[in-house]
Amino acid sequence: MNLETTYLGLKLKNPLVPSASPLSKDLDTARRLEDAGAAALVMYSLFEEDVLAEEEQLTGLMDFQDLGHGEADSYLPLSPDYKTGLDEYLEQLQALKSTLEIPVIASLNGATESGWVEHGRELEQAGADALELNLYSLPTVEDSAEAVEERYLTILRQLKSQVQIPVTVKLSPYFTSLGYFVRQLETAGADGVVLFNRFYQPELNLETLDVQPELHLSHPYESLLRMHWIARLYDKVDLSLAATGGVHAAEQALKMLLAGASVVHVCAVLLQRGPDALRDILEEMHRWMEEKEYDSVYQMMGSACQVNAIDPEAWDRMNYIKTLRS
């Protein structure tokens, strides 16, 4: 059984890729993921806000340390061993590359044209095999859909101008015309798209009226939205399609591949069950493919997408109507 696939031009031994999570912060856990069958690894995200905040703090320490204290003009407040969050991220990337045999994909998370994407070049030099650009912002009432999309395209172009390695864009489902925007990303140089980012909505505490963060891991039901859009995009764009969100078992992974995904990102089930969950998913995928007489992932990939579906309208509005009528 050939489980190999190609993602962002990278040859992978199978389609299962742990997505960005704290699991990549620990080398032992990363080794366990590889041993359990991970075909590549997406690192935890480097957030634009963290990078910019540290840069501003350092600027303040270095440029204004002598305010009111002239004798402090030559005093350097930072130890030679001081490391920024970017330094630590680059070191972890290098450590993962020296430890693992599978590709390592760095993750940049941001939404402004601040020039922070120049750090992509440093990630490339540190050994990243590809970059995942995670784009998300909350538009104000003054932001048009066109302006938001153009800002994202500008960020992608800036990043592509800095690096030679593949770049994939992780998107939310909240676009006026998602398919059209994916084509724009392809024209701007994207090598792939990841569908879809999950968001942790703020919670309101009724006792204190504080707005608080609250973590909810994904549910298998969420995979349906990903599968739907991948099935509609497959064979209409010439870039890698990755599914992320709601994949907890072989059942969801297989459906994503049949819809047209090149790879399937996994996260919540790994946080809940540990790296061995990958091995279980792969074994079940192997059994199903053998039973259905599929020789390879390439053979099954996209075989149930909208173009190849028995009833292409089932992937469109007709499914909505039939569901309500049932």
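Presented here is a report on the structure given in the accompanying data block. (Residues numbered from 1 in each chain as written. Predicted model: local features only at pLDDT ≥ 70, side-chain atom pairs only at ≥ 80, totals over all residues. Heavy atoms only, no water.)

### Details of the sheet that holds strand E12 (residues 263-266)
If you walk across this open sheet you meet the 8 strands as E3-E12-E11-E8-E7-E6-E5-E4, and the pairing is parallel. Every other strand in the sheet has two partners, leaving strand E3 (16-18) and strand E4 (41-47) as the edge strands with one partner each. Ignoring strand direction, the axes of neighbouring strands in this sheet form an average angle of 25°. Examined bridge by bridge, E3 and E12 share 3 bridges and lie parallel to one another. From the neighbouring strand, valine 17 faces E12, where its bridge partner is histidine 265. Each of strand E5 (104-110), strand E6 (130-135) and strand E7 (167-171) is contacted by helix H5 (residues 145-162), which is oriented at about 160° to E6, the strand it contacts most. (Pairing = 2+ DSSP bridges. Helix = DSSP H or I, 4+ residues; strand = E, 2+ residues; numbered from the N terminus. Axes fitted to C-alpha atoms, helices over the stretch in contact; angles between N-to-C directions. Contact = heavy atoms within 4.5 Å.)

### With respect to the pairing of E6
Burial runs high along E6: 6 of the 6 residues are buried. By the alternation rule, side chains of E6 split into Ala130, Glu132 and Asn134 and Leu131, Leu133 and Leu135, which are all buried. Alignment of E5 against E6, held across 6 bridges, turns out to be parallel. The residue bridging asparagine 109 from the neighbouring strand is asparagine 134, located in E6. Bridge count for E6 against E7 is 4 bridges, and the pairing is parallel. In the strand pairing of E7, leucine 131 is matched with valine 167. (Buried < 20%, exposed > 50% of the residue type's maximum accessible area, 1.4 Å probe, protein only.)

### Some words on the packing of helix H7 (residues 223-233) against helix H8 (residues 250-259)
With their axes 8 Å apart at the nearest point, H7 and H8 run at an angle of 15° to one another. One way to sum up the angle between H7 and H8 is to call them roughly parallel. With respect to the hand of their crossing, H7 and H8 are arranged in right-handed fashion. Contacts between H7 and H8 involve Ser223, Arg226, Met227, Ile230 and Ala231 from the first element and Gln252, Lys255, Met256 and Ala259 from the second. Residue composition of the contact of H7 with H8, by class: 5 nonpolar, 2 polar and 2 charged. (Parallel < 35°, antiparallel > 145°, perpendicular 65-115°, else oblique. Left-handed = near helix turned anticlockwise from the far one by under 90°. Nonpolar A, V, L, I, M, F, W, Y, C, P; charged D, E, K, R; others polar.)

### Considering helix H1 (residues 27-36)
What H1 keeps buried is the set Thr29, Ala30, Leu33, Glu34 and Ala36. The arc that holds the buried residues of H1, viewed along the axis, is 165°, so those residues lie on one side. Buried residues along H1 sit in contact with E3, E4, helix H3 (85-99), helix H9 (268-273) and helix H10 (276-291). Between the side-chain oxygen at the start of H1 and the backbone nitrogen of aspartate 28 there is a gap of 3.2 Å, and the oxygen is on aspartate 26. (Arc of directions from axis to C-beta. Polar contact = N/O pair within 3.5 Å; in protein donor to acceptor, adjacent residues only side chain to side chain.)

### Looking at H5
Here H5 contains 18 residues, and its C-alpha end-to-end distance of 26 Å stays within 8% of the 26 Å for a straight helix at 1.5 Å per residue. The complete set of buried residues in H5 reads Val148, Glu149, Arg151, Tyr152, Leu153, Ile155, Leu156, Leu159 and Gln162. (Expected span 1.5 Å × (residues − 1).)

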